[in-house]
Amino acid sequence: MKTGGTIRALICLAAAALTATGLVACGGSSDESGPRELTFFVAIQPGGTIEEVSKRCSEESEGKYTITPEFLPTDASQQREQLVRRLGAEDSSIDIVGMDVIWTGEFANAGWVEPWTGALKNQVTEKVFPNVIETASFEKKLYAAPFNTNTQLLWYRKDLVKKPPKTWDEMIEVAEGLKEAGSIQVQANRYEGYMVFVNALIESAGTEILSGPEEVDLEQGPTEKALQVIGKLANGGAAPPSLSTSDEDTARLGFEAGESAFMTNYTFAYGSAQEEAPDIGKVMGFARFPRVDASKPSKPPLGGFNLAVSSYSENKDVAFEAAACLANDTSQKTAVELDGLPPSRSDLYTDKAVTEAYPGFAGLVKESIEASGPRPTTPAYQDVTLAVQRALHPPDKIDPEDTESIYDELKSNVEDAVKREGLL
Amino acid sequence: MEASTPPAKTSSRTRSERKLAWMLCAPAVVAMLLVTAYPIAYAVVLSLQNVDLRFPDENSFAGLSNYVTVLTSSLWWTDIFNTVFLMVTTVAIELVLGMAIALVMHRAIFGRGVVRTSVLIPYGIITVVAAFAWQFAFAPETGFVNNLPLISDEMDWFGGRFSSFAVIIMAEVWKTTPFMALLLLAGLVTIDDQLYEAARVDGASAWQRFTRITLPLMKPAILVALLFRTLDAFRVFDTIFIMTRGALETESVSILGYNQLISRLNLGLGSAVSVLIFLCVFLIAFVFVRGFGAKLDEGRPGG
C-alpha cells in the first residue's frame, strides 16, 4: 500500500515534469477523475474468495472505485485486535471492514462503523436469513451487509453408528458404548470457540445468556441442563484426551484420524475430510446439532462475516456501494464455490454452487441456520465471552451431578461482565 | 554511586569526570524521558479514570476505584502467585545451569568461539517462535515428547495446571539460560587466576576454590544477572500466551493486563493493572539494589 503510493507519486511527479502542462491523471483518493481507492480489511480466506470478489466488484464499478484487500489473521481474536487498534486510533486507511458477527454491538456503540439506510439497506438484506440480519444489527439499526454465514452440524461415522443421535445425552451414551472411536470432538479450549459451544447448548436448552444488551437471562433450570451436558461429556469416557485444549482444527484432525465417532464442527469439515482422509470422508454422515432437551428443537451455532463501512473512511459514499457489491448474491456464490462458506441469502440454497459444495446437505445447512441461536449482541461482548470462558473452563470442572454452584458462578460472572465490572 | 564516594574526598578530577559523564548521558536521559516517562505518566492518568474505548461517551474520573477493583479481585492475586512462582523457579534453574555453562565456557580449552556462539543460539530465537516449537513438541497430536520412553502417549501436557507450568518453565529456561551464562561469564573473567594458583598451593579443593574464591568475587555479577532476569521473568507474556493463553490458571499478570487493555479495551482498568505491574517491578529492583546491595557499577575504577 504505502510503497505503491510512493511509487505512484514518484511516477506522477516524473510524468508531470515531462508533460509541460502537468495534466496527467494520477489516481488518488482525493482525485475525482480516477477510480477511488478503497481498502477492505478482512480475514484471509484460503480459497481466494476475497481477491476474486474484490477484483470483480472493482471491474463492475467501471472506474468508480478499486478495492484492495488487506488480510487479517485467521484467528478471530487477532483479527479483532488489529481492527480495534486501528479504529480506536481513528485510522482513515480502513474503508470496508469484514466484521465477525459478534463485533457488531461493540463497533457500533464505539461509533466505528456507519449505519446502513435507504435503498442500499433494503438491497443488502433482501432474502437474508432474519437471524443473520440480527447479527449485523444493533439497537434496531443495520450496521453491516451480511456476507457469509456459518453453522455447525453434527458429523458422525456411518460405519459405526446406524442413525444419528437426537440428543447430547443419547450421543454420549452411544459414544461411551463404542469399542473404538468412542469419543466426541467439540471445541473446548479457552477461546471464542468454547463460547460458541456453550452458547449453542444454553440456547438449545431453552434459555439465553442475555435477553438484551445489559439484561442477563440464564434461566436456572435450562442453563443447568446445558451445563450437565458439558460436565457429562468432559468427565465421562466420551471425552477426547485433549478436550480442554481442543479447537475446530484439533477436532477435525481427531475425527479424520479415526479417533472419534462424532464431531460438532463447521461445514469446512466435510470438504477437509474428503481431501485429507478419504476413507473417513466416505463414511461421514451429517445431522443437525443435537438437542439438549429432548422436547425442544436444537439451536445450532451461528458464525460468519458482515461487511461494514468505517466511520473514519474518507470514501464512505462509494464504500457503501462497494460493500453492497462485495456482499451480493454473485459474491456469496463465489464464497461458497471457492471456500465453502455458506451464503447469508436463503434463496441461494437451491443454487448449483451451494448444492455442489454441500452434496446432500445443502438443505440441512439452511435448516440449521434458520434454527440457529446467535451469540448475544452487546457492546460488552468481549467481557461476556471472557466471563463465560473463565467460569466454565476447563470443562471437566463442571460436576454433572451438582451444577448449582457453577451455575451461580456463571451467572454472577456474566452479571458483572455486562456492567463491565471487575477483572476478567 | 553517591553513597560509596564520601563527598569530602571528592577531588576536582572526579568532579570534572562526573560532569563529563552527565553531559555524555544527557541525550540518553532526554530520550528516555520522552519515550518512557510520558507513557508511564499517561498510564497513571488513565488508571484514575473510567475509560472504555467501546463506550466513548461514558468517560469519567474514577479516583482509586480501578485500583480497588484490581486489588480486591482474587484473579489478580492468583496471577501474582503464578507470576512469582514462574519467576522464582525459572530464575533459580537458570542460575544453576547458567553458572555451569559459564564455567564450561570459561575453561574451554579448544573451540572457545564455537562453544560460546552455539550456547547463545536459543537466546537468539524469537520467544514466540521458541514457544511454538515447544508447544508443538509437547502437543499430543504433533509432538515427539509423548513418544519418548516413560511418558504416556495420552499425556495432555496443556490439560493441567502444573504440567502446563512445567512446559512453560522448560521453554523459558531453555531460552534465557544463555543470557544468564553470558552475564556470569563476564564476571568470571574478571577473577585473577593468581588467586586460584595461591589457593591450590595452600591445598584448597576444587569445591573450596569455587565457594571461597569464585562465588564471593562474582557476587556483583551474580546479583546483576539475577536482577536482570528477575525483572524480565516477572513480565513473562509470550510463552504463556502461545501455549495456554492463560487457561487452567497459568495466567501471568502481563496476560491479565492484556485482557483488560486489548480484549476489553477497558483502558482505565488495564492501566491500573499496568501501573501495579510497574510498581512490582520497581519493588523487585529496589529490593535487589538496597536489600542485597547489588552494586551495578562495581569494578569501575573510582566507583
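Whatever comes next refers back to the structure up there.
Now for a quick tour of the structure. Since we're looking at a predicted model, the values are computed, not measured.

### Concerning the pairing of strand β10 (residues 262-266) of chain A
Residue and element names in this part refer to chain A. Of all 5 residues making up β10, 5 are buried, and the element is well covered by its neighbours. In this sheet, β10 lies alongside strand β6 (residues 145-157) in antiparallel orientation, the contact comprising 5 bridges. The residue of β10 that forms the bridge with Q152 is Y266. By the bridge criterion, 2 bridges tie strand β7 (residues 184-185) to β10 in an arrangement that is parallel. The residue of β10 that forms the bridge with I184 is F262.

### Points about the environment of I280 of chain A
Looking at where I280 of chain A falls in the secondary structure, it is placed in helix α12 (residues 278-282). Aside from chain neighbours lying at most four places away, what touches I280 of chain A is F255, E256, G258 and A273 of chain A.

### Describing the interface of chain B and chain A
With 28 residues of chain B at the contact, the number on the chain A side is 26 residues. Every element with two or more residues in the side of chain B that touches chain A is listed here: α2 (65-71), α3 (74-107) and α10 (253-263) of chain B. Ranked by the residues each element gives to the side of chain B that touches chain A, the list is headed by α10 of chain B, at 5 residues. Split into classes, the residues belonging to the side of chain B that touches chain A amount to 14 nonpolar, 7 polar and 7 charged.

### Brief notes about the environment of L279 of chain B
Residues and elements named next belong to chain B. Position of L279 relative to the elements: it lies in helix α11 (residues 267-291). For L279, a count of 10 C-beta atoms within 10 Å puts it in the exposed group. Taking the C-alpha atoms as reference, L279 lies 22 Å from F61; in sequence the two are 218 residues apart.

### What to know about the packing of helix α6 (residues 161-188) of chain B against helix α8 (residues 206-234) of chain B
Residues and elements named next belong to chain B. Relative orientation of the contacting elements α6 and α8 amounts to 155 degrees, with a least axis distance of 8 Å. One way to sum up the angle between α6 and α8 is to call them roughly antiparallel. Remark: the crossing between α6 and α8 carries right-handed chirality. Every residue of α8 that contacts α6 at T176, M180, L183, L184, A186, G187 and L188 is listed here: M218, P220, A221, I222, V224, A225, F228 and R229. Taken together, the residues of the contact of α6 with α8 break down into 12 nonpolar, 2 polar and 1 charged.

Basis of the calculations
Residues numbered from 1 in each chain as written. Chains lettered and ligands numbered in written order. Predicted model: local features only at pLDDT ≥ 70, side-chain atom pairs only at ≥ 80, totals over all residues. Buried ≥ 20, exposed ≤ 12 C-beta atoms within 10 Å, placed from the backbone. Helix = DSSP H or I, 4+ residues; strand = E, 2+ residues; numbered from the N terminus. Pairing = 2+ DSSP bridges. Contact = placed C-beta atoms within 7 Å. Nonpolar A, V, L, I, M, F, W, Y, C, P; charged D, E, K, R; others polar. Axes fitted to C-alpha atoms, helices over the stretch in contact; angles between N-to-C directions. Parallel < 35°, antiparallel > 145°, perpendicular 65-115°, else oblique. Left-handed = near helix turned anticlockwise from the far one by under 90°.

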